[in-house]
Amino acid sequence: MAEITLEDIIKPENLVYEKTRLMTDKELSYCPGCGHGTAHRITMEVIDELGLEENTIGVAPVGCSVLAYEFMNIDMTQAAHGRAPAVATGIKRVWPDKIVFTYQGDGDLAAIGTGETIHACNRGEKIVIIFINNGIYGMTGGQMAPTTLPGMKSSTSPYGRDVETMGNPLKITELVAQLPGTYFVTRQAVHTPAAVRKAKKAIRKAFENQRDNKPGVSFVEIVSNCNSGWKMTPIDANNWMVDNMFPFYPMGDIKVDGVMVK
Amino acid sequence: MGELKLMKGNEAMAEAAIRAGADAYFGYPITPQSEVIEYLMAEKPFERTGMVVLQAESEVAAINMVYGAGGSGKRVMTSSSSPGVSLKQEGLSYIAGSEIPCLYANVVRGGPGLGTIQPSQADYFQSVKGGGHGDYKQIVLAPASVQEMADFVKLGFDLAFKYRIAVLILSDGVIGQMMEKVELFDQVPRMTDAEIKEKYPWATTGKAKGTERRIITSLDLDSLKMEKHNHHLQAKYKLITENEVRFELIGCEDAEYVFVAYGSSARIAQKSMQLARKKGIKVGLLRLITLFPFPTKQIQTLCDQGIKGFLAVEMSAGQMVEDVQLSVNGRAKVAHYGRFGGIVHSPEEVELALEQILIGG
Ligand SMILES: Cc1ncc(C[n+]2csc(CCOP(=O)(O)OP(=O)(O)O)c2C)c(N)n1
Ligand code: SF4
Ligand SMILES: [Mg+2]
């Protein structure tokens, strides 16, 4: 039997995984184990697979993913903290044939940018919103977010979130699902290969909706970890997320094709 | 000759936006400038030229819509009045940092706070010194008539795209609300998508395969690069200062004293000038058209000419007067007169101020 060489193995038909074509070569700035990188990757894979590279304009937020434009190899605009849905509205209204999406954290989307989020959703802007909910302000060092769970510790709720004085966590995804301007609202995660596949399917559906000119916002929440902010190892953070975040922020579709399913 | 119409200043500005080939207007109602969006909604430019008009949920949202659309190479505009313009400052700072061309108007009312809906010129500092954070400038045009409310829209868009900068039409409740005859310029066609892509290669219009992507951002975590970017911005502002100063000199040839004013105060000062001249006082008027860039050189030339004193006339407690002082640099007397908080000074009181505060004071 002839010896098997590397050349025999490295063939296109044997390819099982490759670098996402629409990600740049820039090293990701995210902490190891952080969900942001995976969420970036599947978003760019979807844009690539749908052939939308030349037609898409992304809007980066202020938060850990402020540098999303360094990693996503398409035209990008960086918005002020919380204003991404307004920026995306501006672009989409003057370039209605383009695909426009925002990528935002929970502080960005559900605290400082609540007004822009609700009104873009209520107007039914034909955009995609990708919402990374890690229950904390990752970028600024782990302060309390609008999504921080009751009792959860952060640097500004060092004894745990006291809902009496600090308010309750905001389920903004359930809230926007109630608005007539949202067309597709779903909650996903990216902590296991199975979850990544599901999340990617949801993101694909969101971009297909916009490509097909469906009326309204396609809103994809991804419940994610922030191991640095939560002060846990990546594995502990994922386990904690499953045990604590998922019961409060249940997975799955909330609204599909403009119809509530939950 | 263009079409003649009797219009309010705010309406003339709105009509001019359509005719200047604007792609979009995003705004939020506030007195005394709500006629801009009301006129646009009634006029349906989406049917006339394809221009988008959208009432945003706030001035914050409106300026960020301008940021997004302007960053994608389109001609976009917003307008507001003082409290709303305060809300836009964060967005304007981002627009300066990201070098986004856009046009906006402030039809100024009295402040601070909710203040009054009556006219004022108390937003001068905010307009020319940079109301938001960071080292930045914007071009500030000060119309003194309904005609200029229309003409400065076209000029403003041209300057905005020439320098990739925000251009502000700094008006006030008098100019915005009064009706005058205006000669409207002919319709300029909106640029096609292909023209935009060709002319503005920096704009986010979708990255063609095999080309470099475009990024609109004001961020650079590398401070050395950020300093370099700031140097680039400063060089641009210097170029603007060298090339874009606009003003009007009225009766300054034989003058011993000069009123310095802009907008509605300039119209009043022109009347005061006539009153003073009847009394034998040789006074002229320097009407500022650009507030940034400021006509420093022109004021120095007037000093060379032997002007004894300058009276800054403005509806504020004294803002523009500081730039007059800096320009005069001790070579002549400088004084300020102005009513404020929503009060418009009369030509008579301005003339009296010339005699009592500048000449006699
Ligand atoms: C106007 C303004 N206020 C505050 C900040 C500081 N800041 C930057 S990011 C951030 C929170 C980001 O949290 P989130 O949106 O949840 O994103 P994450 O980093 O967790 O992904 C804050 C408060 C800012 N940049 N701008
Ligand atoms: S701080 Fe948190 S959200 Fe930010 S990169 Fe690190 S793990 Fe991710
Ligand atoms: Mg967060």
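Residues numbered from 1 in each chain as written. Chains lettered and ligands numbered in written order. Predicted model: local features only at pLDDT ≥ 70, side-chain atom pairs only at ≥ 80, totals over all residues. Heavy atoms only, no water.

Residues and elements named next belong to chain B. Taken as a whole, this structure holds 43 salt bridges over all chains when the rule is applied. A salt bridge links Arg 48 to Glu 43, with the shortest nitrogen-to-oxygen separation between them at 2.9 Å. Residue class for Glu 43 comes out partly exposed when judged on its relative accessible area of 31%. Notably, a salt bridge pairs Asp 323 with Lys 129, separated by 2.6 Å at the nearest N-O pair. Here the residue Asp 323 occupies a position in helix H14 (residues 320-328), and Lys 129 occupies one in the loop between helix H7 (124-128) and strand S6 (139-141), the gap between them amounting to 194 residues. (Salt bridge = Lys/Arg side-chain N within 4 Å of Asp/Glu carboxyl O. Buried < 20%, exposed > 50% of the residue type's maximum accessible area, 1.4 Å probe, protein only. Helix = DSSP H or I, 4+ residues; strand = E, 2+ residues; numbered from the N terminus.)

Let us look at the pairing of strand S7 (residues 182-189) of chain A. Residue and element names in this part refer to chain A. For S7, the buried fraction is high: 8 of the 8 residues fall into the buried class. Examined bridge by bridge, S7 and strand S8 (residues 217-223) share 7 bridges and lie parallel to one another. Along S8, the bridge assignment pairs Thr 182 with Val 217. In this view, the connection linking S7 to its parallel neighbour S8 by way of helix H9 (residues 193-211) has right-handed handedness. Pairing of S7 with strand S9 (residues 252-256), which is carried by 3 bridges, proceeds in the antiparallel orientation. Bridging from a neighbouring strand, Thr 186 pairs with Asp 253 of S9. (Pairing = 2+ DSSP bridges. Right-handed = clockwise from strand over helix to strand, strands pointing away.)

So, about the interface of chain A and chain B. Tallying the contact residues gives 36 residues for chain A and 36 residues for chain B. In total, chain A and chain B occlude about 2,900 Å² of area from one another, counting both sides; carbon and sulfur atoms represent 57% of this. Taken together, the links from chain A to chain B amount to 5 salt bridges. Two residues, Glu 90 of chain B and Arg 83 of chain A, come together in a salt bridge whose shortest N-O distance is 3.5 Å. Connecting chain A to chain B are 16 residue pairs in polar contact (both at pLDDT 80 or more). (Contact = heavy atoms within 4.5 Å. Buried area = accessible area lost by both parts, 1.4 Å probe. Polar contact = N/O pair within 3.5 Å; in protein donor to acceptor, adjacent residues only side chain to side chain.)

Here the focus is the coordination of the magnesium ion (ligand 3). Tetrahedral coordination by four donors puts the ideal angle at the metal at 109.5 degrees, and octahedral coordination by six puts it at 90 or 180 degrees. All names here are of chain A. Around the magnesium ion (ligand 3), the protein contributes the donor atoms Asp 106 (OD), Asn 134 (OD1) and Ile 136 (O), which lie 2.0 to 2.1 Å from the metal centre. Positions of the donor residues of the magnesium ion (ligand 3) along the chain correspond to the pattern D-x27-N-x1-I. Linking Asp 106 in helix H5 (residues 106-112) with Asn 134 in the loop between strand S4 (128-133) and strand S5 (136-137), this pair joins segments that are 28 residues apart in sequence. The class for Asp 106 is buried, based on a relative accessible area of 2%. Take Asn 134: its relative accessible area is 6%, and that puts it in the buried class. (Donors = N, O, S within 2.8 Å, 3.2 Å for Na, K, Ca; no water.)

Residues and elements named next belong to chain B. The topology assignment puts Glu 3 in strand S1 (residues 3-8). In sequence terms Glu 3 and Ala 235 are 232 residues apart; their C-alpha atoms lie 40 Å from each other. If near-sequence neighbours (up to four positions away) are discounted, Glu 3 is found in contact with Arg 19, Val 182, Glu 183 and Leu 184.

On to the packing of aromatic side chains. A complete count under the given rule lists 11 aromatic pairs over all chains for this structure. An angle of 80 degrees between the planes, with centres 6.4 Å apart, marks the rings of Tyr 67 of chain B and Tyr 94 of chain B as edge-to-face. Taken together, the residues span a long stretch of sequence, with Tyr 67 of chain B in helix H4 (residues 59-71) and Tyr 94 of chain B in helix H6 (residues 89-98) at a distance of 27 residues. An identical accessibility class is assigned to Tyr 67 of chain B and Tyr 94 of chain B; each is buried. Taking the ring centre of Trp 95 of chain A as reference, the NZ or CZ of Lys 74 of chain B above it sits at 4.2 Å. (Phe/Tyr/Trp six-rings, centres within 6.5 Å; stacked < 30°, edge-to-face > 60°. Lys NZ or Arg CZ within 6 Å of the ring centre and 35° of its normal.)

Another point: the domain arrangement of chain B. All names here are of chain B. As assigned here, chain B comprises domain 1 (3-193) and domain 2 (248-359). Domain 1 and domain 2 are separated by 27 Å when their C-alpha centres are compared. In this complex, domain 1 contributes 29 residues to the contact, which on the side of domain 2 involves 25 residues. Surface buried jointly by domain 1 and domain 2 totals about 2,100 Å² across both partners, of which 56% is contributed by carbon and sulfur atoms. Broken down residue by residue, the surface that domain 1 buries against domain 2 is led by Gln 121, Tyr 124 and Phe 125, which jointly contribute 33%. On the surface where domain 1 and domain 2 come into contact, there are 3 salt bridges. Between domain 1 and domain 2 we count 15 residue pairs in polar contact (both at pLDDT 80 or more) in total. Sorting the residues of the side of domain 1 that touches domain 2 by element identifies H7, S6, helix H8 (146-163), strand S7 (166-172) and helix H9 (173-177) as the ones contributing at least two each. (Domains from an automatic or database assignment.)

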